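Listed below are the residues making up each chain.
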Amino acid sequence: MYLVISSKHPEFRKPKIRYAVTLFLCMLLAIHFYLDYFRIGSFNSLVLNNFNNSKIVSVMLVKNTNNTKDSTIRSSNDPKTIKDLITYLKQFRLVQYNGKYTSANNYSYDIVFYTNKKDERIGISVTNENYIDVAVETTKTYHLFFFNWYNNINNYKSYKIVNGKINYNFLDSILNSIQD
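Residues numbered from 1 in each chain as written. Predicted model: local features only at pLDDT ≥ 70, side-chain atom pairs only at ≥ 80, totals over all residues. Heavy atoms only, no water.

A. Representation of the overall build of the protein in the model. On a plain count of helices and strands, the protein comes out with 5 helices and 8 strands. The secondary structure elements of the protein, listed N-terminal to C-terminal, are α-α-β-α-β-β-α-β-β-β-β-β-α. Here the protein holds 180 residues, and the buried ones make up 32% of them. Intrachain contacts of the protein at a sequence separation of at least 6 include 66% that bridge at least 24 residues. (Helix = DSSP H or I, 4+ residues; strand = E, 2+ residues; numbered from the N terminus. Buried < 20%, exposed > 50% of the residue type's maximum accessible area, 1.4 Å probe, protein only. Contact = heavy atoms within 4.5 Å.)

See below:
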């Protein structure tokens, strides 16, 4: 009889509620880390969202052949070239990839987008038609009364392309269309 009465007592319910809340919070934390580790989204949402207040003003394409001994480097300020490259890259859905991969080709591409702000750029390295490496360098400014606080962000992540492959012929045509 004492056990039946004591199990209904509020003092015995509190530890169960604490354990349930702790378990729930741990599950939320685990889900958050899992989703942050395997970020899924479009090129626009994962890469270009870092540059909402900036405008891309120039692009540099580098084609490395024969293990980077021979390189073709071309830069352009042409808005059509920049728009074509961004439109092409926006079509891809990406998932963050933390493994290793090998290059199936004897050449690779590096694409660097420069913005109208100093020290902001997006570097994209293509060594495999299914994967891209993205390096983002930007500075975020926070204003507090009369003080400005600058946060330099240098991100480097690898992504697997989920919905297609990089078309090297397209990149070759863009590279060849840029005048020296």
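B. Seen up close, the pairing of strand 2 (residues 56–65). The element strand 2 is extensively covered by neighbouring structure, given that 8 of its 10 residues are classed as buried. Note that strand 2 and strand 5 (residues 107–115) share 9 bridges and pair antiparallel. Looking at strand 5, one finds that L61 is bridged to I111. Bridge count for strand 2 against strand 3 (residues 70–76) is 7 bridges, and the pairing is antiparallel. Along strand 3, the bridge assignment pairs V59 with S76. (Pairing = 2+ DSSP bridges.)

C. Representation of helix 5 (residues 168–177). Taken residue by residue, helix 5 has Y168, L171, D172, I174 and L175 as its buried positions. End-on view of helix 5: buried residues confined to an arc of 165°, all on one side of the axis. Turned more than 90 degrees away from the buried face of helix 5, the exposed residues are N169 and N176. Buried residues in helix 5 make contact with strand 2, strand 3, helix 4 (79–90), strand 5 and strand 6 (121–128). Between the side-chain oxygen at the start of helix 5 and the backbone nitrogen of N169 there is a gap of 3.0 Å, and the oxygen is on N167. (Arc of directions from axis to C-beta. Polar contact = N/O pair within 3.5 Å; in protein donor to acceptor, adjacent residues only side chain to side chain.)

D. Structural context of a nonpolar patch on the surface. Side chains of I17, V21, F24, L25 and L28 sit close together on the surface and give an oily, nonpolar patch of about 490 Å² of accessible area. For V21, the location among the structural elements is in helix 2 (residues 10–37). Exposure remark for V21: the relative accessible area of 44% places this residue in the partly exposed category. (Patch = residues over 30% accessible without salt bridge, like charges linked within 9 Å, V, L, I, M, F, W, Y side chains within 5 Å. Areas by Shrake-Rupley, 256 points an atom, 1.4 Å probe, with all protein chains shown as cover. Salt bridge = Lys/Arg side-chain N within 4 Å of Asp/Glu carboxyl O.)

E. Structural detail: the layout of surface pockets. In this model, the largest pocket occupies a volume close to 270 Å³. K117, E120, T138, T139 and K140 are, among the 14 residues lining the largest pocket, the residues nearest its centre. Taken together, the residues of the lining of the largest pocket break down into 1 nonpolar, 8 polar and 5 charged. Taken as a whole, the second largest pocket encloses approximately 150 Å³ of empty space. Its residues assigned to classes, the lining of the second largest pocket comprises 4 nonpolar, 4 polar and 2 charged. (1 Å grid on protein atoms, 1.4 Å probe; cavity = no way out; pocket = protein on both sides within 12 Å on 5 of 7 lines; lining within 4 Å. Points joined across faces, edges and corners; volume = space filled by probe spheres on them. Nonpolar A, V, L, I, M, F, W, Y, C, P; charged D, E, K, R; others polar.)

F. The arrangement of the pattern of salt bridges in detail. This structure, assessed with the given rule, holds 4 salt bridges. Here E129 makes a salt bridge to K165, at a shortest N to O gap of 3.7 Å. Taken together, the positions of E129 in the loop between strand 6 and strand 7 (131–144) and K165 in the loop between strand 8 (147–161) and helix 5 put the pair 36 residues apart, joining distant regions of the chain. Taking relative accessible area as the criterion, E129 reaches 29% and is therefore assigned partly exposed.

G. Layout of the nonpolar core. If you look at the biggest cluster of nonpolar residues, it comprises 31 residues, and the most contacted ones within it are F113, I122, I124 and I132. Contributions of two or more residues to this core are made by helix 3 (43–46), strand 2, helix 4, strand 5, strand 6, strand 7, strand 8 and helix 5. When residues of this core are assigned to their parent elements, the largest contribution, 5 residues, is made by helix 4. (Core = buried A, V, L, I, M, F, W, Y, C linked by side-chain atoms within 4.5 Å.)

H. The arrangement of the packing of aromatic side chains in detail. A full pass over the atoms with the stated rule returns 4 aromatic pairs. Ring plane angle 90° and centroid distance 5.3 Å describe the contact between Y88 and F92, whose orientation is recorded as edge-to-face. Residue classification places Y88 among the buried residues on the basis of a relative accessible area of 12%. Joined through ring pairs, the aromatic side chains of Y88, F92 and F170 make up one cluster. (Phe/Tyr/Trp six-rings, centres within 6.5 Å; stacked < 30°, edge-to-face > 60°.)

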